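Structural overview
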Amino acid sequence: MLPSYTTNRFNGSRSYIPEYLRRIIHYPQMDIEYTFCYRTTSWRKQTKNQWARDDPAFIAILVLFMAVAAIAYSVAFNAWNPVTLLRIMFWAAFIEFLGLGLATATLGWFVANKYLRVQSLHAVDQKVEWLYAFDVHCNSFFPLFVVLYVLQFFLLPLILGTGFFSTVIANSMYAFAFSYYFYVTFLGYNVLPFLHHTVLFLYPIGAVGLFYVLSLLFRFNCSVFVMNYYFG
């Protein structure tokens, strides 16, 4: 049974991060079904006085998926060296997912609280919880994972070619994956009633589109670049 808190997670006296981390190593205490339901944000605020999940199941699942994907790519490219395999698994799970997630979540948390909060004289002042910002990253990362780690794997024979068609397919996947990442990020912040101008989180899609056009003009294949970086 999940604990109930009645004080704001960042302003209250009870620290929840140790409890959050403890559940990572206690699988029975993870609410897996609850993990994939993004529509319960308002319900969490009403019942637990927090916007963020208090269960790390989603993180554990994504780290596991990243590790499996790293193994699959290593097998495909005959990278059987244990050191190389561990390096790829570590980079995928702890740098690409967790490391970049910490950075993007912190940036989103700072921007939302500093510039996007609506100040009201007749309501309790609210702030974006950092853990909620990281939740947004996790939700946004999952479709990116499906496209760039799963779909790309099955399309490797097609997208690693030297022709222009291969470049179009590969770069279109990357453009779609990152655009969708920012779109889901926008949805995550837009659901919070005390934020305004959250369309700001859609602006990076413009940069993605510009990079996509330039990559096609210069015949830069994103998949070839990434695979060469990892496997030579």
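Everything discussed here concerns the structure shown above.
These numbers come from a predicted model, not from an experiment.

Description of the side chain of E96
Tracing the chain through its elements places E96 in helix 5 (residues 82-116). Buried and unpaired, E96 has R87 as its nearest opposite-charge partner, separated by 9.2 Å. Excluding residues that lie within four positions of it along the chain, E96 makes contacts with M66, W91, F141, Y149 and Y230.

Overview of unusual backbone geometry
Phi is positive for N78, close to 55 degrees, though the residue is something other than glycine. Mapped onto the secondary structure, N78 falls in the loop between helix 4 (57-76) and helix 5. With phi around 55 degrees, H197 is a residue other than glycine that occupies positive phi space. Topologically, H197 is positioned in the loop between helix 8 (164-190) and helix 9 (204-217). Judged by relative accessible area, which is 55%, H197 ranks as exposed.

Observations concerning helix 9
Counted at 1.5 Å a residue, the expected span for helix 9 with its 14 residues is 20 Å, and the 20 Å between its end C-alpha atoms agrees. Within helix 9 the residues assigned to the buried category are V208, S215 and L216. One side of helix 9 holds all its buried residues, which, seen down the axis, span an arc of 95 degrees. Summarising the geometry of helix 9, the exposed residues directed more than 90 degrees from the buried face are L210 and L217. Where helix 9 is buried, its residues contact helix 8. Among the residues trailing helix 9, R219 stands out with phi positive, at a value near 55 degrees.

The rules we used
Residues numbered from 1 in each chain as written. Predicted model: local features only at pLDDT ≥ 70, side-chain atom pairs only at ≥ 80, totals over all residues. Heavy atoms only, no water. Helix = DSSP H or I, 4+ residues; strand = E, 2+ residues; numbered from the N terminus. Buried < 20%, exposed > 50% of the residue type's maximum accessible area, 1.4 Å probe, protein only. Lys, Arg positive; Asp, Glu negative; His and termini not counted. Salt bridge = Lys/Arg side-chain N within 4 Å of Asp/Glu carboxyl O. Contact = heavy atoms within 4.5 Å. Expected span 1.5 Å × (residues − 1). Arc of directions from axis to C-beta.

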